[in-house]
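# Close look at the chain arrangement
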Amino acid sequence: MIYDLSNLQDILLSFENILRIEYSENDISRIMRSAKHKLENAYQVKLDKTVYEIQAQNQLVSDNIQVFIEQLFEAVKSMTAFTHIVMFTKVNKLSLADVNYLGFTAETLRAALKYLQDKQLYEKRHSVIPAIRNAVNNIEMSQLKRLFVIMLVLEDLGLKEGVSAVAQYLYICGLEL
């Protein structure tokens, strides 16, 4: 059964390994800076623009960046398959209520996550991302916090499709299936 092959813990570990996320700090901004620094060292590139812009502008590192994107693509595929399975089976062990919707109302957080799933609405994210980042600092370590951190790192790197995949699952965590 395909359901048995999908495991959120494995997906989280995959993202965290690819993105070089470690939780040695409690502060989300520090975790994100550390991950970015480790990625810069691993791929020998300065991540001062989106990953796609860097790849297009610098042919010397474009092959390294392509390897990174391909690894990330595998994690995104796993995340989207897992999300689909959760939607199909209506079995989800996580709920945004467990983190009190990060201090937002359920509707507000779901709307913010919906913006992050749509290419046209994505541009309205600028006020949402800092608020989510600040709110994630106030929750205990959990799979939900890890998902939010992954989403924030992806957003910081300009990897919108990855942000969308994680946001879609988080959105589902805000619904009663």
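As a reminder, the structure under discussion sits directly above these lines.
## Points about the packing of helix H6 (residues 106-115) against helix H9 (residues 160-173)
With their axes 8 Å apart at the nearest point, H6 and H9 run at an angle of 155 degrees to one another. Relative to H9, the element H6 is oriented roughly antiparallel. Note that H6 runs across H9; the crossing there is left-handed. Across from Arg110, Leu113 and Lys114 in H6, the residues of H9 making contact are Ala167, Leu170 and Tyr171. In terms of residue class, the contact of H6 with H9 is built from four nonpolar, no polar and two charged.

## Some thoughts on helix H3 (residues 28-43)
If you check H3, its first and last C-alpha atoms are 22 Å apart, about what 16 residues at 1.5 Å a residue would give, namely 22 Å. Phi turns positive one or two residues past the end of H3, at Gln44, with a value near 55 degrees.

## A look at the packing of helix H2 (residues 8-19) against helix H8 (residues 143-156)
Put simply, H2 and H8 touch, their axes get as near as 11 Å, and they point 35 degrees apart. The crossing of H2 and H8 is left-handed. Together, Leu8, Gln9, Leu12, Leu13, Phe15, Glu16 and Leu19 of H2 and Gln143, Arg146, Leu147, Ile150, Val153 and Leu154 of H8 make up the contact between the two elements. Looking at the contact of H2 with H8 residue by residue, the class counts come to nine nonpolar, two polar and two charged.

## What to know about unusual backbone geometry
One non-glycine residue, Gln44, adopts positive backbone phi at about 55 degrees. Among the residues examined, Gln44 registers a relative accessible area of 59% and is labelled exposed. In this model, Asn100 sits at a positive phi of 50 degrees, which is unusual for a non-glycine residue. Tracing the chain through its elements places Asn100 in the loop between helix H5 (59-89) and H6. Overall, the relative accessible area of 54% leaves Asn100 in the exposed class.

What counts, and at which threshold
- Residues numbered from 1 in each chain as written.
- Predicted model: local features only at pLDDT ≥ 70, side-chain atom pairs only at ≥ 80, totals over all residues.
- Heavy atoms only, no water.
- Axes fitted to C-alpha atoms, helices over the stretch in contact; angles between N-to-C directions.
- Helix = DSSP H or I, 4+ residues; strand = E, 2+ residues; numbered from the N terminus.
- Parallel < 35°, antiparallel > 145°, perpendicular 65-115°, else oblique.
- Left-handed = near helix turned anticlockwise from the far one by under 90°.
- Contact = heavy atoms within 4.5 Å.
- Nonpolar A, V, L, I, M, F, W, Y, C, P; charged D, E, K, R; others polar.
- Expected span 1.5 Å × (residues − 1).
- Buried < 20%, exposed > 50% of the residue type's maximum accessible area, 1.4 Å probe, protein only.

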